[in-house]
Amino acid sequence: MKLLSELKLGNLTLKNRIIMAPLTRMRSAQPGNIPQELNATYYAQRASAGLIITEATQVSQQGQGYPGTPGIHSKEQVSGWKQVTKAVHEKGGKIFLQLWHVGRISHSSHQPDGKLPVAPSAIAAKNSGTYTADWKPTEILTPRALEVVEIKNIVKDFKMAAINAKEAGFDGVEVHMANGYLLDQFLQSGSNQRTDDYGGSIADRVRFPLEVLDAVINVWGKDKVGVRLSPYGTFNDMSDSDPKALFDHLIEELNKRGIVFIDMIEPRATTAGGDDKLNDKAPCTSDLFKNKFNGVFISAGGYTPETAEQALEQNKADAIMFGRWFISNPDLPERISKKAELNKYDRSTFYGGQEKGYTDYPCLS
Ligand code: PHB
């Protein structure tokens, strides 16, 4: 089975091509959004993945949009993550940290000084919601447009977070440029209507995401840095006037930098955590973009073990991400190799809570 074959990722060798997707679980210790032993147990249980990408992790307090998501900007968070990386490494796993800033998908209760969330432009995401710091469902507010000096400071926040990730013992990092969060908000014309160097033409809209990427590469080296993208995704009210041209250009820029992988979410599965429905009418972005990229192409988006194997055989991807199936099957690679039945997942325990629905899914043996 191709899924079970090794994969070179820079100078790492992944033991299989079954990648654990980044998954928001909202179970960091409070106060302070600090990874804890429970999180280390959860990730270590899943160390048989070829690679784990952690849940989205805010690079600053301003970058947080949901309660309980972990950060990588305080000393306590760095020590919290150290127990996670140690536990995963002890089980022979490899783990990259996902670096995240939510931009407009936040609420003032998460913001330092209770200010408005920030974005490229003062445009609210419609039909999107989040939770306040005390877990009350809330609509998304109209954000405040960032000033250029603030943009430069966010580049520094990503850089500091990358340095912290190294200190915490990760094997690499993934920069989150997908799903309608800050960097994606800059990329796409529906959310970026700036008229300065950071908006307008495609070259201007990719500027800030690439400045962030360059800062992160500067810390880690290109071999240890991947990027998450979601072209044609509509989650968080995203839209672009010409996604093909935008992402073609961006991928060319990624090739120039030689980053090690792209993780691309198929738009058929654009609801992120929302539901299990797949949209068959959505374009196939691995068909559109895989061959443009020189590095490892990881595809995400509603795969089953069968469709994943097929995608690898048809050379639509080099590796496949599983999210929901990794939540409910800590030993997913073993189950795939034995064609064993998969545990069903319980959506009601995806977000928040403790052990239930998190570290209590059974393994085969
Ligand atoms: C979420 O927290 O709902 C979430 C986070 C990151 C994503 C998608 C969804 O990329």
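Being a predicted model, the structure only gives us computed values, none of them experimental. (Residues numbered from 1 in each chain as written. Predicted model: local features only at pLDDT ≥ 70, side-chain atom pairs only at ≥ 80, totals over all residues. Heavy atoms only, no water.)

### Some thoughts on the pattern of salt bridges
Inclusion rule: By definition, a salt bridge exists where a carboxyl oxygen of Asp or Glu is found within 4 Å of a side-chain nitrogen of Lys or Arg. Put simply, DSSP marks the helices as runs of H or I at least four residues long and the strands as runs of E at least two long, and each gets a number from the N terminus on. The rule is simple: take the accessible area with a 1.4 Å probe, protein chains only, and divide by the maximum for that residue type; under 20% is buried, over 50% is exposed, in between is partly exposed.
Counted by the stated rule, this structure contains 22 salt bridges. Lys 126 is paired through a salt bridge with Asp 237; the nearest N and O atoms lie 3.8 Å apart. Taken together, the residues Lys 126 in the loop between β6 (118-119) and β7 (129-131) and Asp 237 in the loop between β11 (225-229) and α7 (243-257) connect sequence positions 111 residues apart. Among the residues examined, Lys 126 registers a relative accessible area of 55% and is labelled exposed. Here Asp 237 falls in the partly exposed class, since its relative accessible area comes to 27%. Its salt-bridge partner being Glu 253, residue Lys 256 comes within 2.9 Å of it at the nearest N-O pair. Of this pair, Lys 256 and Glu 253 both sit in helix α7, separated by three residues, roughly a single helical turn. Shared partners join several salt bridges into a network, and the residues in it are Asp 214, Glu 253, Lys 256 and Arg 257.

### Here we look at the side chain of Asn 343
Going by this rule: Polar contacts, as used here, are pairs of N or O atoms within 3.5 Å; protein pairs need one atom able to donate a hydrogen and one able to accept it. Residues neighboring in sequence count only if both atoms are side-chain atoms.
With respect to the helices and strands, Asn 343 occurs in the segment after α11 (332-337). On the basis of relative accessible area, Asn 343 is assigned to the buried category, the value being 17%. In this structure the side chain of Asn 343 is engaged in a polar contact, spanning 2.8 Å, whose partner is the backbone oxygen of Ser 328. Reaching out from Asn 343, the side chain makes a polar contact with the backbone oxygen of Pro 362 at a distance of 2.9 Å.

### With respect to the sheet that holds strand β14 (residues 319-322)
Counted only if it meets this: The rule for pairing is simple: two strands pair if DSSP sees at least two bridges between them. Note on definitions: angles span 0 to 180 degrees between N-to-C directions of axes, and those axes are lines fitted to C-alpha atoms, for helices only across the stretch in contact.
With parallel pairing, eight strands are arranged side by side around a closed barrel as β3-β4-β5-β10-β11-β12-β13-β14. Strand-to-strand twist in this sheet, taken as the mean axis angle between neighbours without regard to direction, amounts to 25°. Relative to strand β13 (residues 296-300), strand β12 (residues 261-265) runs parallel, the two sharing five bridges. Within β13, the position partnered with Met 264 by the bridge is Ser 299.

### Side note on the nonpolar core
The criterion, for reference: As used in this record, nonpolar core signifies buried Ala, Val, Leu, Ile, Met, Phe, Trp, Tyr and Cys residues forming a set joined through side-chain atoms within 4.5 Å. Contacts were defined at the residue level, with two residues in contact if any of their heavy atoms lie within 4.5 Å.
Counting 80 residues, the largest nonpolar core has Leu 99, Phe 208, Leu 213, Val 216, Leu 229 and Leu 254 as its most contacted members. The greatest single-element share of this core, amounting to nine residues, is contributed by helix α6 (residues 207-220). Among residues more than four places away in sequence, those in contact with Leu 229 are Met 177, Ala 178, Phe 247, Leu 250, Ile 251, Leu 254, Ile 262, Asp 263, Met 264 and Ile 265.

### Quick notes on the site of the ligand
What counts is decided by this rule: For this purpose, a residue is taken to be near a molecule or strand whenever a single non-hydrogen atom of the residue falls within 4 Å of it. Cavities and pockets are defined on a 1 Å grid built over the protein atoms alone: a cavity is a set of grid points where a 1.4 Å probe fits but cannot escape, while a pocket is an open set with protein on both sides within 12 Å along at least five of seven lines, and lining residues are those with an atom within 4 Å of any such point. The rule for placing a molecule in a cavity or pocket is simple: more than half of its atoms must lie within 2 Å of the grid points. The residue classification treats Ala, Val, Leu, Ile, Met, Phe, Trp, Tyr, Cys and Pro as nonpolar and Asp, Glu, Lys and Arg as charged. All others, Gly included, are polar.
The local shell around the ligand consists of Thr 24, Tyr 66, Trp 100, His 176, Asn 179, Tyr 181, Phe 235 and Ala 272. Contacts to the ligand include Thr 24, whose side-chain N or O atom sits 2.9 Å from an oxygen atom. Between an oxygen atom of the ligand and a side-chain N or O atom of Asn 179, the distance comes to 2.5 Å. The pocket occupied by the ligand, as judged from atoms lying within 2 Å of grid points, is the largest pocket. The residue inventory of the shell around the ligand, partitioned by class, reads five nonpolar, three polar and no charged.

### Describing the environment of Gly 32
Along the chain, Gly 32 turns up in the loop between β3 (18-20) and α1 (37-45). Judged by relative accessible area, Gly 32 falls into the partly exposed class, the value being 32%.

### Some words on the packing of α1 against helix α2 (residues 75-90)
We count it as follows: For this classification, under 35 degrees means roughly parallel, over 145 means roughly antiparallel, 65 to 115 means roughly perpendicular, and everything else is oblique. Take the far helix as your reference; a near helix turned counterclockwise from it by less than a right angle gives a left-handed crossing, and one turned clockwise gives a right-handed crossing.
In contact at an axis separation of 8 Å, α1 and α2 are set at 25° when each is read in the N-to-C sense. By the angle between their axes, α1 is roughly parallel relative to α2. The interaxial crossing formed by α1 with α2 has right-handed handedness. Along the contact surface, α1 presents Glu 37, Asn 39, Ala 40, Tyr 43 and Ala 44, while α2 presents Trp 81, Gln 83, Val 84, Ala 87 and Val 88. Residue classes in the contact of α1 with α2 are distributed as seven nonpolar, two polar and one charged.

### Notes on the layout of surface pockets
So the rule is basically this: Grid points are joined across faces, edges and corners, and a volume is the space filled by probe spheres set on the points.
Taken as a whole, the largest pocket encloses approximately 1,100 Å³ of empty space. As for the largest pocket, its lining consists of 47 residues, of which Thr 271, Ala 272, Gly 273, Gly 274 and Tyr 351 are closest to the centre. Among the secondary structure elements, those contributing two or more residues to the lining of the largest pocket are β5 (95-100), β7, β14 and α10 (324-328). Of the residues in the lining of the largest pocket, the class split is 23 nonpolar, 17 polar and seven charged. The volume enclosed by the second largest pocket comes to roughly 210 Å³. In this structure, the second largest pocket is lined by 16 residues; those nearest its centre are Gln 30, Asn 33, Gln 64, Pro 67 and Gly 68. Within the lining of the second largest pocket, the residues separate by chemical class into four nonpolar, 11 polar and one charged.

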